[in-house]
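Coordinates in review
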Amino acid sequence: SFVSGIEDVIATESSNLYPNPATGNVNVALELLSSEKVSLDVYDMVGKVVFSEDFGTMSAGHSLKAIDVSQLNNGIYMMNINVGENSIVTKFVVKH
């Protein structure tokens, strides 16, 4: 039988990374739907981890983390933000 009027709404965590390109710090703004373990890894374009940080369990809501990228060479990087069982991948540029 067909049931109408039911919508599946899938809510997800979100992130915003700025400034892009970055020079000294890159800010990671997170919006968590529930308390989750959060960590992040930054990879260069050959897939090598150049930075890692584990934030432990973070509370639901908005939070902002500043990541120091001043020691990274100019170039394109991928940031993989792990939120619970999910991953958010964002590309960013470092330009000194």
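My aim in this report is to walk through the structure given alongside it, one point at a time. (Residues numbered from 1 in each chain as written. Predicted model: local features only at pLDDT ≥ 70, side-chain atom pairs only at ≥ 80, totals over all residues. Heavy atoms only, no water.)

Turning to the nonpolar core, a few remarks are in order. Ranked by size, the top nonpolar core spans 21 residues in total, and within it Val-28, Leu-40, Val-69, Met-79, Ile-81 and Phe-92 carry the most contacts. For Ile-81, the residues in contact, after removing those within four places along its chain, are Ser-15, Val-28, Leu-30, Val-38, Ser-39, Leu-40, Asn-86, Ser-87 and Ile-88. (Core = buried A, V, L, I, M, F, W, Y, C linked by side-chain atoms within 4.5 Å. Buried < 20%, exposed > 50% of the residue type's maximum accessible area, 1.4 Å probe, protein only. Contact = heavy atoms within 4.5 Å.)

What follows concerns the sheet that holds strand β6 (residues 75–83). Strands pair in a sheet through their backbones, by hydrogen bonds, and they do so in one of two ways: parallel or antiparallel. Spatially, four strands are ordered β4-β3-β6-β7 in an open sheet, and the strand pairing comes out antiparallel. Edge positions in the open sheet fall to β4 (49–58) and β7 (86–94), since each of these has one partner strand only. In this sheet, adjacent strand axes meet at a mean angle of 15° when their direction is disregarded. Where strand β3 (residues 36–43) and β6 come together, six bridges link them in antiparallel fashion. Each residue of the ladder has a partner; that of Ser-39, found in β6, is Asn-82. (Pairing = 2+ DSSP bridges. Helix = DSSP H or I, 4+ residues; strand = E, 2+ residues; numbered from the N terminus. Axes fitted to C-alpha atoms, helices over the stretch in contact; angles between N-to-C directions.)

Quick look at a nonpolar patch on the surface now. Together, Met-45, Ile-76 and Val-93 give the surface a local cluster of nonpolar side chains, amounting to about 250 Å² of exposed area. Within the element layout of this structure, Val-93 appears in strand β7. (Patch = residues over 30% accessible without salt bridge, like charges linked within 9 Å, V, L, I, M, F, W, Y side chains within 5 Å. Areas by Shrake-Rupley, 256 points an atom, 1.4 Å probe, with all protein chains shown as cover. Salt bridge = Lys/Arg side-chain N within 4 Å of Asp/Glu carboxyl O.)

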